[in-house]
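Listed below, chain by chain, are the residues.
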Amino acid sequence: MTQERLWQVLDPSWGDLHALLALFCSAAAVLLQKWLGRRQVQQKMDEARRSQHLALEGMEKAARRLRQENSGTQSSQILLLTMVELAEKLKEGSLSPESVLYSYMDKALEVNQEVTCITDFIHGCEDQLQKLKKQKEKGLLYGIPISIKDHINCKGHISSGGMVKFLGQVKEEDNIIVQVLKHHGGISFVKTNILQTTINYDCSNPIFGQTLNPLNPQKPGGSSAGEGALVTEGGSILGMGWDVAGSILLPSSFCRLCSLKPTGNRISKQGVAGALMGMQSVTGVLGPMARDMDSLALCMEALLCQEMFQLDPSVPLPFIEQVYSSSEPLRVGFCEGDGYFQPLPSMIQAVQLTRELLQDAGHTLVPFAPPKIDYVVDELFTRGIFSDGAAHLVDCFKGDIVDPNLKSQYNTYSLPALLKRILAIILKPIVSVTHALLGALCGVGSAKNLWDQHRAVAAYCTEFITKWKLRLDVILCPMLGPAFSHGYAGKLFAATSYTHLYNVLDFPARVVPVSAVTRADEEELKQHREHHGDPWDKRLREAVEGAVGMPVAMQCVALPWQEELCLRFMREVEALARGTKRSV
């Protein structure tokens, strides 16, 4: 009797033991499915790591074999050559492609042990080496070893993008840029580590782990840190990266490299995998990373050729040597900050140093302030890149593991749009930057609004170019740096405003190291003037503490399609900066 009354008190649907059992089984099935899914993800990652281990073993064997066949080679001397010097010696025959390749393979393996930067060995490089020996004509990059960022397609290899969903997808052909590099005799020999999703600047993913900054292991090397670390430490002499929010420029700033983010369609973008493919509001672009400006110029001269135009007719302009070789004085607009994030003391010092050097060299320096920078970062960049409310990006994580460095970003992206709007209203009087970003992360809401957003970008570009053309040839501006401590990049995504502007405008931008953080900069950081007066400023100071000796770079920007002018200007900045050293 008591049992009957008990079942009467409970909901009738609970009165049947069969229903209870079915509910329990359903819950168990859901948990089992999640466990099996998690296990499958782990198995895929384990298999990728095993493949990576086998590839590195194969690379060691290949290097050993080439070394034995080319005994007596002075690898240390080869590694000291600039890329231009190396290309000359390879063409004249005083160095063999085999000796150069194994020298860089050995060094790359050594660097990988220290910083974890290689995801795969491109085993086809040995076949390419044999083909090179049979060719009568030697291309511009004959025998030059080249590293390739992980998500750039190479025939017979995966382009993981640091995500499980792309594992197992072996590419059937090379990316067009890789094809053109090979056409000129370049030898692609390794693929390098990448940030999961490419939407952060701390190079880490759950598959291949964290890449460290070789200049300071407590700091990240930027989103393309696999390339940054390998080229910085001499394991590669030329790397190819991808940039949609500073992913070429930031690693170069953090790792003391030179790099170029070209105009969006100056070189082909076909054959790149990743979570942001299909997004058109902000232009993504491939570009080179190297240790000096002349190396970048040689790379661009090779890429901008008839071969690339035949493979991809959408890239129209050849390299214009006379612009790069020019020495005419320039009118240079300079910015000490971007108006969105207060520049750090070391950044301000770098601007002042470079401005003085350029003035002494005969150039005219004119103050320049980008118009409406808050509007650009929040409405044009953030709302543009996440025009779907980050839905596609969040969807990419289904069946994947979110890297710890992306957790805070992912948790924000995955919030419902209504909750983002409510939080934006609540936080407006407290944290102005977060308020604006949360509002922008809601996306545009409709196809009509997306059209309006694209129209707004075009209108801003027109406004910016009109202001520029009144008096300037190029712009000199700070580059975010020094490198942050680990864990801060995901919490300071908006600090990349220094590169966002030129991604929105689709202007070519170049980075060159000019100085290093001094103890005086570190002391001044303690009294650093706040810009927003909120937690973002405090977090930025914390992120760059303990960076004495780390590189500080400058950014040069030119109008669209003027990569040669950009290169020419920064080559002069590079030469001037090398003759000046600040006391650390």
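The model shown is predicted, which means the values in this text are computed figures rather than measured ones.

K.L.:
What exactly am I supposed to notice about the overall build of the protein here?
P.N.:
Secondary structure summary: the protein contains 23 helices and 15 strands in total. Against the globule reference of 25 Å for 584 residues, the protein gives a C-alpha radius of gyration of 26 Å, in line with a compact fold. With the C-alpha coordinates aligned to their principal axes, the bounding extent of the protein is approximately 100 × 60 × 50 Å. Counting all 584 residues of the protein, 57% fall into the buried class. Surface summary for the protein: the accessible area is close to 24100 Å², and the carbon and sulfur share equals 54%. Within the protein, one finds 58 positive and 62 negative side-chain charges whose respective centroids are separated by 2 Å.

K.L.:
Explanation requested: unusual backbone geometry in the structure shown.
P.N.:
Comment: phi is negative for the bulk of residues other than glycine, and the bulk of peptide bonds are trans. With an omega dihedral of 5°, the bond running from Gly481 to Pro482 counts as a cis peptide bond. Unlike most non-glycine residues, Thr116 shows phi in positive territory, near 55°. Residue position: Thr116 is located in the loop between helix H5 (97–115) and strand E1 (118–121). For Asp506, which is not a glycine, the phi torsion comes out positive at approximately 60°.

K.L.:
Teacher, can you tell me more about the sheet that holds strand E14 (residues 509–516) here?
P.N.:
Two pairing modes exist for strands in a sheet, parallel and antiparallel, and in both the strands are linked by backbone hydrogen bonds. Across the sheet, 11 strands lie side by side as E1-E3-E2-E8-E10-E9-E14-E15-E13-E11-E12; this open sheet has mixed pairing. The sheet terminates laterally at E1 and strand E12 (364–367), the two strands that pair on one side only. Each adjacent strand pair in this sheet contributes to an overall mean axis angle of 30°, direction not counted. With respect to the sheet, H5 is in contact with E1, strand E2 (145–149) and strand E3 (187–192), its orientation differing from that of E3 by roughly 5°. Contacts between helix H8 (residues 225–232) and the sheet are confined to E2, E3, strand E8 (239–243) and strand E10 (285–290), with E2 contributing the most and set at about 155° to the helix.

K.L.:
Explain the packing of helix H14 (residues 373–385) against helix H20 (residues 497–505) here, please?
P.N.:
Between two packed helices, what matters for the description is the angle formed by their axes and the separation of those axes. Where H14 contacts H20, the axes come no closer than 10 Å and their chain directions differ by 65°. Classed by the angle they form, the pair H14 and H20 counts as roughly perpendicular. For the element pair H14 and H20, the recorded crossing hand is left-handed. For the pair H14 and H20, contact is made by Ile373, Val376, Val377, Leu380 and Phe381 and by Ser497, His500, Leu501 and Val504, respectively. Grouping the constituent residues of the contact of H14 with H20 by class yields 7 nonpolar, 2 polar and no charged.

K.L.:
Whenever I open this one, the pairing of strand E15 (residues 551–557) confuses me. Can you help?
P.N.:
A regular strand places its side chains on the two faces of the sheet in alternate fashion. The buried count for E15 comes to 7 of 7 residues, which makes it a mostly enclosed element. Here E15 shows two buried faces, one formed by Pro551, Ala553, Gln555 and Val557 and the other by Val552, Met554 and Cys556. As paired strands, strand E13 (residues 474–478) and E15 are joined by 4 bridges and run antiparallel to one another. By the bridge assignment, Ile475 is partnered in E15 with Val557. Across 7 bridges, E14 lies against E15 in antiparallel orientation. Within E15, the residue paired with Pro513 across the bridge is Ala553.

K.L.:
Looking at this structure, how should I read the packing of aromatic side chains?
P.N.:
Describing an aromatic ring pair means giving the distance of the ring centres and the angle of the ring planes. Counted by the stated rule, this structure contains 13 aromatic pairs. Consider the rings of Tyr340 and Phe341, whose centres lie 5.9 Å apart with planes at 45°: the pair is tilted. As far as the burial class goes, Tyr340 and Phe341 line up, both buried. Grouped by ring-pair contacts, the aromatic residues Phe368, Tyr460, Phe464, Trp468, Tyr502 and Phe507 constitute a single cluster. The cationic tip of Lys467 hangs over the ring face of Phe368; the distance from NZ or CZ to the ring centre is 5.0 Å.

K.L.:
Is there a simple way to think about the packing of helix H13 (residues 345–360) against helix H23 (residues 563–578) in this case?
P.N.:
One can describe the packing of H13 onto H23 by two numbers: an axis separation of 10 Å at closest approach and a directional angle of 100°. When the axis of H13 is compared with that of H23, the two are roughly perpendicular. From H13, Thr354, Leu357 and Leu358 reach across to H23, where they touch Phe569, Val573, Leu576 and Ala577. Grouping the constituent residues of the contact of H13 with H23 by class yields 6 nonpolar, 1 polar and no charged.

K.L.:
Got a minute to help me understand helix H7 (residues 176–183) in this structure?
P.N.:
Spacing of three or four residues puts side chains on the same side of an α-helix, whose turn is 3.6 residues. Those residues of H7 that fall on the buried side of the exposure criterion are Ile176, Ile177, Val178, Val180 and Leu181. Elements in contact with the buried residues of H7: E2, E3, E8, E10, helix H10 (293–303) and helix H11 (306–311). Between the side-chain oxygen at the start of H7 and the backbone nitrogen of Ile177 there is a gap of 2.6 Å, and the oxygen is on Asn175. Following H7 by one or two positions, Gly185 adopts a phi angle in the positive range, close to 95°.

K.L.:
What exactly am I supposed to notice about the pairing of strand E11 (residues 331–334) here?
P.N.:
Relative to E12, E11 runs parallel, the two sharing 4 bridges. Looking across to E12, one finds that Val332 is bridged to Leu365. A crossover connection joins E11 to the parallel E12 through H13; in handedness this β-α-β unit is right-handed.

K.L.:
Before we go on, may I ask you to explain the state of the cysteines in this structure?
P.N.:
Disulfide: a covalent bond formed between the sulfur atoms of two cysteine residues. In this structure the tally under the stated criterion is 0 disulfides. Distance from the sulfur of Cys154, which forms no disulfide, to the nearest cysteine sulfur (Cys125) is 11 Å. We note that Cys255 lacks a disulfide partner, and the nearest cysteine sulfur, in Cys203, lies 9.6 Å from it. Looking at Cys255, the relative accessible area reads 0%, which means it is buried.

K.L.:
Where do I start with the environment of Lys61 in this structure?
P.N.:
For Lys61, the position within the fold is in helix H2 (residues 17–69). The spatial distance from the C-alpha of Lys61 to the C-alpha of Ser224 is 27 Å, given a sequence separation of 163 residues.

K.L.:
Honestly, the pattern of salt bridges in this entry has me stumped. Any pointers?
P.N.:
Side chains carrying opposite charge are able to pair once their charged atoms draw close together. Under the defined criterion, the tally for this structure stands at 18 salt bridges. With a shortest N-O distance of 3.0 Å, Arg49 and Asp46 are connected by a salt bridge. One end of the pair is Arg49 and the other is Asp46, both in helix H2 and 3 residues apart, which spans about a single turn. Given a relative accessible area of 29%, Asp46 falls into the partly exposed group.

How each quantity is defined
- Residues numbered from 1 in each chain as written.
- Predicted model: local features only at pLDDT ≥ 70, side-chain atom pairs only at ≥ 80, totals over all residues.
- Heavy atoms only, no water.
- Helix = DSSP H or I, 4+ residues; strand = E, 2+ residues; numbered from the N terminus.
- Rg over C-alpha atoms; globule rule 2.2 N^0.38 Å.
- Buried < 20%, exposed > 50% of the residue type's maximum accessible area, 1.4 Å probe, protein only.
- Areas by Shrake-Rupley, 256 points an atom, 1.4 Å probe, with all protein chains shown as cover.
- Lys, Arg positive; Asp, Glu negative; His and termini not counted.
- Charge placed at Lys NZ, Arg CZ, Asp CG, Glu CD.
- Pairing = 2+ DSSP bridges.
- Axes fitted to C-alpha atoms, helices over the stretch in contact; angles between N-to-C directions.
- Contact = heavy atoms within 4.5 Å.
- Parallel < 35°, antiparallel > 145°, perpendicular 65-115°, else oblique.
- Left-handed = near helix turned anticlockwise from the far one by under 90°.
- Nonpolar A, V, L, I, M, F, W, Y, C, P; charged D, E, K, R; others polar.
- Phe/Tyr/Trp six-rings, centres within 6.5 Å; stacked < 30°, edge-to-face > 60°.
- Lys NZ or Arg CZ within 6 Å of the ring centre and 35° of its normal.
- Polar contact = N/O pair within 3.5 Å; in protein donor to acceptor, adjacent residues only side chain to side chain.
- Right-handed = clockwise from strand over helix to strand, strands pointing away.
- Disulfide = S-S within 2.5 Å.
- Salt bridge = Lys/Arg side-chain N within 4 Å of Asp/Glu carboxyl O.

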